[in-house]
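The residues making up each chain are set out below.
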Amino acid sequence: QVQLVESGGGLVQAGGSLRLSCAASGRSFSTYAMGWFRQAPGKEREFVARISRSGVITYYADSVKGRSTISRDNAKNTVYLQMNSLKPEDTAVYYCAADRLPTTGTISNEKEYDYWGQGTQVTVSS
């Protein structure tokens, strides 16, 4: 059983920055591709970013591309999402997710991910 715990969310003004963290339990972290998703009020959960097992390959949703950086530290079993130039539309609960079989499926499909954290709230005020 893998547990994921997000942290780093909070209330920021538009234009500000946050760094979200996701700490994973277990010894298989380095074998998982990791993703960030978010769910805004009244909307479906959407893909934000993904990072490969080694951290070499990253993907971003168009909505955050250029403003966000996903990274990981396998020695710390942690994945990060640096969010800059935050906008009110970034307001959402942000979820960390682990994909045990990163060579299969569609990277932006939440159904491809096997483990999920409880989420951390990001609120961006205008």
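Structure: see above.
Residues numbered from 1 in each chain as written. Predicted model: local features only at pLDDT ≥ 70, side-chain atom pairs only at ≥ 80, totals over all residues. Heavy atoms only, no water.

Participant: Outline the nonpolar core, supporting the account with residue identities and numerical values.
Facilitator: By size, the foremost hydrophobic cluster in this structure holds 33 residues, and its most contacted members are Leu-4, Met-34, Trp-36, Val-79, Leu-81 and Tyr-94. Counting only elements with at least two residues in this core, the list comes to strand S3 (18-24), strand S4 (33-39), strand S5 (46-51), strand S8 (78-83), strand S9 (92-99) and strand S11 (120-125). Broken down by element, the residue count for this core peaks at five residues, all from S9. Setting aside residues no more than four positions away along its own chain, Leu-81 makes contact with Leu-18, Arg-19, Leu-20, Trp-36, Val-48, Ala-49, Ser-68, Thr-69, Ile-70 and Tyr-94. (Core = buried A, V, L, I, M, F, W, Y, C linked by side-chain atoms within 4.5 Å. Buried < 20%, exposed > 50% of the residue type's maximum accessible area, 1.4 Å probe, protein only. Helix = DSSP H or I, 4+ residues; strand = E, 2+ residues; numbered from the N terminus. Contact = heavy atoms within 4.5 Å.)

Participant: With reference to specific residues and values, describe the packing of aromatic side chains.
Facilitator: Evaluated as defined, the whole model comprises five aromatic pairs. Ring centres of Tyr-32 and Tyr-115 lie 6.1 Å apart, and the angle between their planes is 45°; on these two criteria the pair is classed as tilted. Of this pair, Tyr-32 sits in the loop between S3 and S4 while Tyr-115 sits in strand S10 (residues 115-116); the two residues are 83 residues apart in sequence, bridging distant segments of the chain. Each member of the pair Tyr-32 and Tyr-115 is classed as buried. (Phe/Tyr/Trp six-rings, centres within 6.5 Å; stacked < 30°, edge-to-face > 60°.)

Participant: Can you explain the state of the cysteines? Please cite residues and give values.
Facilitator: This structure, assessed with the given rule, holds one disulfide. What pairs with Cys-22 in a disulfide is Cys-96, and their sulfur atoms sit 2.1 Å apart. For the disulfide bridge between Cys-22 and Cys-96, the dihedral angle about the S-S bond is near -80°, and by the sign convention the bridge is left-handed. Of this pair, Cys-22 sits in strand S3 while Cys-96 sits in strand S9, and the two are 74 residues apart along the sequence. Just as Cys-22 is buried, Cys-96 falls in that class too. (Disulfide = S-S within 2.5 Å.)

Participant: For the sheet that holds S3, give the residues involved together with the corresponding values.
Facilitator: Taken together, the four strands give an open sheet; going across it, the order is S1-S3-S8-S7, and neighbouring strands pair in antiparallel fashion. At either margin of the open sheet sits one strand with a lone partner, and together these are strand S1 (4-7) and strand S7 (68-73). The average angle at which neighbouring strand axes cross in this sheet is 15°, direction not considered. Bridge analysis of S3 against S8 gives six bridges, and the strand direction is antiparallel. Across the sheet, the residue bridging to Cys-22 is Val-79, located in S8. (Pairing = 2+ DSSP bridges. Axes fitted to C-alpha atoms, helices over the stretch in contact; angles between N-to-C directions.)

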